Amino acid sequence: MYVSFSDFIVLLVFVVMAGCTSEASRRSGNQPQESRKLPIERLGGEADIMPSIELLDKGRVLMSYSDCATCHKEADRKRGPAFEDIAARYPMNSTYINILAKRIMLGTKGTWGNVVMPPHPTLSEKDAETMVMYILSLARPD
């Protein structure tokens, strides 16, 4: 097969331009990158509460009527951390349940980066604790 010199040059220019374009798009982030989820550091403490199915269902219902979904998703990070990430960090422990319930009611900043969680002052402590137990029940088994 005979290829003329001018055809060879056109082909060479095309290959070089295609290589430059893909390199430029890689640098600019136009190509999809592999999603890397950072490992969640589990805090110390043993699980000391086994909530009933009814209590966990109540927590799920309370959350469905709340504004939690504005900033959180179950499995993926939205504005705030995913509920599964929260469950991966904290064991089902009465101390953590109390702390997290107070954070929901009073609001917090800095626990998961610079994201601010607004306070929820109308939420009762008992309901906040029930919601936290539901969230912590979403922990994936190792």
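Residues numbered from 1 in each chain as written. Predicted model: local features only at pLDDT ≥ 70, side-chain atom pairs only at ≥ 80, totals over all residues. Heavy atoms only, no water.

Caption draft 1: A look at the packing of helix H4 (residues 94-106) against helix H5 (residues 125-136). One way to put it is that H4 packs onto H5 with a least axis distance of 8 Å and a crossing angle of 115°. The element H4 and its partner H5 pack so that their crossing is right-handed. Between H4, through Ile97, Asn98, Leu100, Ala101, Lys102, Ile104 and Met105, and H5, the contact on the second element is made entirely by Glu125, Ala128, Glu129, Val132, Met133 and Leu136. Of the residues in the contact of H4 with H5, the class split is 9 nonpolar, 1 polar and 3 charged. (Axes fitted to C-alpha atoms, helices over the stretch in contact; angles between N-to-C directions. Helix = DSSP H or I, 4+ residues; strand = E, 2+ residues; numbered from the N terminus. Left-handed = near helix turned anticlockwise from the far one by under 90°. Contact = heavy atoms within 4.5 Å. Nonpolar A, V, L, I, M, F, W, Y, C, P; charged D, E, K, R; others polar.)

Caption draft 2: Structural detail: the packing of aromatic side chains. For the structure on display, the rule yields 1 aromatic pair. In this structure, Arg89 packs its charged tip against the face of Trp112, placed 3.8 Å from the ring centre. (Phe/Tyr/Trp six-rings, centres within 6.5 Å; stacked < 30°, edge-to-face > 60°. Lys NZ or Arg CZ within 6 Å of the ring centre and 35° of its normal.)

Caption draft 3: Spatial organisation of the packing of helix H2 (residues 53-64) against H5. Here H2 crosses H5 at 105°, and the two axes come no closer than 8 Å. The angle between H2 and H5 falls in the class roughly perpendicular. Here H2 contributes Leu55, Leu56, Lys58, Gly59, Arg60, Leu62 and Met63 to the contact with H5, which in turn contributes Asp127, Thr130, Met131, Met133, Tyr134 and Ile135. Grouping the amino acids of the contact of H2 with H5 by side-chain chemistry returns 8 nonpolar, 2 polar and 3 charged. (Parallel < 35°, antiparallel > 145°, perpendicular 65-115°, else oblique.)

Caption draft 4: View of H2. With 12 residues, H2 extends 16 Å from end C-alpha to end C-alpha; this agrees with the ideal 16 Å at 1.5 Å per step. Contacts from the buried residues of H2 go to helix H3 (83-89) and H5. (Expected span 1.5 Å × (residues − 1).)

Caption draft 5: Region of the structure containing the layout of surface pockets. Of the volumes computed, that of the largest pocket is approximately 460 Å³. For the largest pocket, the lining is made up of 27 residues, of which His72, Ile86, Ile104, Thr108 and Met117 are closest to its centre. Among the secondary structure elements, those contributing two or more residues to the lining of the largest pocket are H3, H4, strand E1 (108-109), strand E2 (116-117) and H5. A per-class count over the lining of the largest pocket returns 16 nonpolar, 7 polar and 4 charged. (1 Å grid on protein atoms, 1.4 Å probe; cavity = no way out; pocket = protein on both sides within 12 Å on 5 of 7 lines; lining within 4 Å. Points joined across faces, edges and corners; volume = space filled by probe spheres on them.)

Caption draft 6: Quick peek at the environment of Ile53. Relative to the helices and strands, Ile53 is located in helix H2. Counting along the chain gives 81 residues from Ile53 to Tyr134, while the straight-line C-alpha distance between them is 9.5 Å.

Caption draft 7: Quick peek at H5. For H5, built from 12 residues, the straight-helix expectation of 16 Å at 1.5 Å per residue is met to within 8% by its first-to-last C-alpha distance of 16 Å. For H5, the set of buried residues is Ala128, Thr130, Met131, Val132, Met133, Tyr134, Ile135 and Leu136. On its buried side, H5 packs onto H2, H3 and H4. (Buried < 20%, exposed > 50% of the residue type's maximum accessible area, 1.4 Å probe, protein only.)

Caption draft 8: The side chain of His120, seen in detail. Examined against the element boundaries, His120 turns out to sit in the loop between E2 and H5. By relative accessible area, His120 is classed as buried at 18%. Polar contacts involving the side chain of His120 include one to the main-chain carbonyl oxygen of Pro118, which spans 3.1 Å. Apart from residues lying up to four places away in sequence, His120 is in contact with Asp67, Ile104 and Met105. (Polar contact = N/O pair within 3.5 Å; in protein donor to acceptor, adjacent residues only side chain to side chain.)

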